[in-house]
Amino acid sequence: MLKKILVANRGEIACRVFATAKKMGIATVAVYSDADRDALHVQMADEAVHIGPSASAESYLVIDKIIQACINSGADAVHPGYGFLSENSTFRDALDDAGIIFIGPGKKAIQSMGDKITSKLIAAEAGVSCIPGYTDVVRDADHAVEISADIGYPVMLKASAGGGGKGMRVAMNEDECRDGFERATNEARSSFGDTRIFIEKYIQQPRHIEIQVMADSHGNVIYLGERECSIQRRHQKVIEEAPSPFLDEETRQKMGEQSCALARAVDYQSAGTVEFIADADRNFYFLEMNTRLQVEHPVTEFVTGQDLVELMIRVAAGEKLGLAQEDISLTGWAMESRVYAEDPLRNFLPSTGRLVRYSEPQGDGIRVDSGVYEGGEISMFYDPMISKLITYGNDRSKAISRMVSALDNYYIRGVNHNMSFLNALMVHPRFVRGDLSTNFIADEFPDGF
């Protein structure tokens, strides 16, 4: 078993990993920037290493500093969390060279799934259902129009190196296709330094459903059900739930088996997520694979009873998965709301400052994953997430009612927050019915909140 884990991250995900490591009796190391000197994750760890200035490009993203922190602290393993270096194959190489265990998948999986064109080609070869489209590189705007005419409008133009909604454009006709190609290319160049664009059929009113997979180094691969992540704003998830109110058992099994096939195709080890979009007829299509722990993993933990971080640590230590597919069952329902320091009334403008008052809701079926405390700072340098609020019930309506109550009993002062918006989503009749799509927020709040 691993002796000491350094978490190459900050905030709530660092705290989350530390909690499981401590439960397992493993020593913990935090890294921190100037802005995070007094952060909760620093206080939680057994020891902490300063890695530089507040800007993440000078601290959390500097591979050499993370490696040196491991050497100085004697950490034998690194958990990358999500974001920052979690899907960086160069980081994985550097850890391998230093003899430090990476709690995550191998380089092959990170590289192949990190490129949207490559990942789609591998997925198709593995028998995974893919969206009709052109997965080679589009040469220019004329080529884009020619391809789009073959696929049939509407189409989606996407940057191959894209993520977070950047480098994406929907085109309903030829003019929009030309304009979209230029805009997507320019955005891809400035955001990723990679101008490759591909085109696929745009699924109207899609649902975003993802499958959690777990694999070990002994050839065992299982799936732990699905999460519905259709409630999004500008391609960023706002509310997630498990299971999905849309899937039937047959579709769930097909999606799970295809996800496992893709994991095997890239020799996957550790926790990973295969993302799909589904249409109104339950046809589903591969979107991408995230080769890390997801922000929304707690809803899966609630309905399966499994600690995903513990499974990741055990797999990284070389253990076999102690679970077979028949051991996984979904019980009850879980919801997650992302609580952000932002002002929904001012187009979700980020809010920074001191948490003058801070009190988290408590009670049966309520879990709060946070990296903050009363008197702490929400920094301008990082993502303004305050916490993830997760509720559980024996059915969907109970999970929703607990979420509404938990939001009402969450007390935050000193910064603006989005809890009024989250509450409005939770009680919206269409959400309560489970009539969801990735366009839900744009459709129901066209003029903002």
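What counts, and at which threshold
Residues numbered from 1 in each chain as written. Predicted model: local features only at pLDDT ≥ 70, side-chain atom pairs only at ≥ 80, totals over all residues. Heavy atoms only, no water. Helix = DSSP H or I, 4+ residues; strand = E, 2+ residues; numbered from the N terminus. Buried < 20%, exposed > 50% of the residue type's maximum accessible area, 1.4 Å probe, protein only. Contact = heavy atoms within 4.5 Å. Areas by Shrake-Rupley, 256 points an atom, 1.4 Å probe, with all protein chains shown as cover. Lys, Arg positive; Asp, Glu negative; His and termini not counted. Charge placed at Lys NZ, Arg CZ, Asp CG, Glu CD. 1 Å grid on protein atoms, 1.4 Å probe; cavity = no way out; pocket = protein on both sides within 12 Å on 5 of 7 lines; lining within 4 Å. Points joined across faces, edges and corners; volume = space filled by probe spheres on them. Nonpolar A, V, L, I, M, F, W, Y, C, P; charged D, E, K, R; others polar. Phe/Tyr/Trp six-rings, centres within 6.5 Å; stacked < 30°, edge-to-face > 60°. Lys NZ or Arg CZ within 6 Å of the ring centre and 35° of its normal. Pairing = 2+ DSSP bridges. Axes fitted to C-alpha atoms, helices over the stretch in contact; angles between N-to-C directions. Salt bridge = Lys/Arg side-chain N within 4 Å of Asp/Glu carboxyl O.

**Q** Quick rundown of the overall build of the protein chain? Include the residues and the values.
**A** The helix and strand inventory of the protein chain stands at 15 helices and 23 strands. For the C-alpha atoms alone, the extent of the protein chain along its principal axes is close to 60 × 50 × 45 Å. When the 449 residues of the protein chain are sorted by exposure, 58% land in the buried category. A fraction of 65% describes how many contacts in the protein chain between residues 6 or more apart in sequence connect residues 24 or more apart. Total accessible area on the protein chain stands at roughly 17800 Å², and carbon and sulfur atoms take up 45% of it. When the 46 basic and 65 acidic side-chain charges of the protein chain are each reduced to a single mean position, those positions are 3 Å apart.

**Q** Which residues make up empty space enclosed by the protein, and what values go with them?
**A** Tallied over the full model, the rule gives 1 cavity of 30 Å³ or more. Approximately 40 Å³ is the volume attributed to the largest cavity. Along the walls of the largest cavity sit 13 residues, with I103, G104, T291, R292 and M312 positioned nearest its centre. Here the residues of the lining of the largest cavity sort into 7 nonpolar, 5 polar and 1 charged.

**Q** Describe the packing of aromatic side chains, naming the residues involved and giving the relevant values.
**A** Where two aromatic rings form a pair, the distance of their centres and the angle of their planes describe that pair. Counted by the stated rule, this structure contains 11 aromatic pairs. Put simply, the rings of Y60, F84, F381 and Y382 pair up and form one aromatic cluster. A cation over a ring is seen here: R233 above F348, with NZ or CZ 3.8 Å from the ring centre. The ring of F431 has R396 lying over it, and the distance from NZ or CZ to the ring centre is 4.8 Å.

**Q** Any chance you could break down the sheet that holds strand β8 (residues 168–171) for me, citing the residues and the numbers?
**A** Reading across the sheet, the 4 strands line up as β6-β9-β7-β8 and stay open at both edges, with antiparallel pairing between neighbours. Looking at the sheet topology across the chains shown, the edges are occupied by β6 (133–134) and β8. Inspection of the sheet shows β6 paired to strand β9 (residues 197–201) by 2 bridges, in the antiparallel sense. The residue of β9 that forms the bridge with Y134 is I199.

**Q** I'd like a description of the sheet that holds strand β3 (residues 47–50), backed by residues and values.
**A** Strand order in the open sheet made by the 5 strands is β3-β2-β1-β4-β5, with parallel pairing throughout. Where the open sheet ends on each side, the last strands, each with one partner, are β3 and β5 (101–102). Against the sheet, helix α3 (residues 63–73) contacts β1 (4–7), β2 (27–32), β3 and β4 (77–79), and its axis sits at roughly 155 degrees relative to β1.

**Q** Could you give an account of the pattern of salt bridges, with specific residues and numbers?
**A** In total, this model carries 43 salt bridges according to the counting rule given. A salt bridge links R178 to E174, with the shortest nitrogen-to-oxygen separation between them at 3.6 Å. Of this pair, R178 and E174 are both found in helix α8 (residues 174–192), 4 residues apart, which corresponds to roughly one turn of the helix. Note on R178: relative accessible area 31%, which makes it partly exposed. The partner of E444 in a salt bridge is R430, with the nearest N and O atoms 2.7 Å apart. Of this pair, E444 sits in helix α15 (residues 440–444) while R430 sits in helix α14 (residues 429–433), and the two are 14 residues apart along the sequence. For R430, a relative accessible area of 10% puts it in the buried group. If you follow the salt bridges from partner to partner, you end up with R16, K23, E301, D307, E310, R314, E319, R367 and D369 in one network.

Honestly, that's just the spatial picture; any functional story needs more than this.
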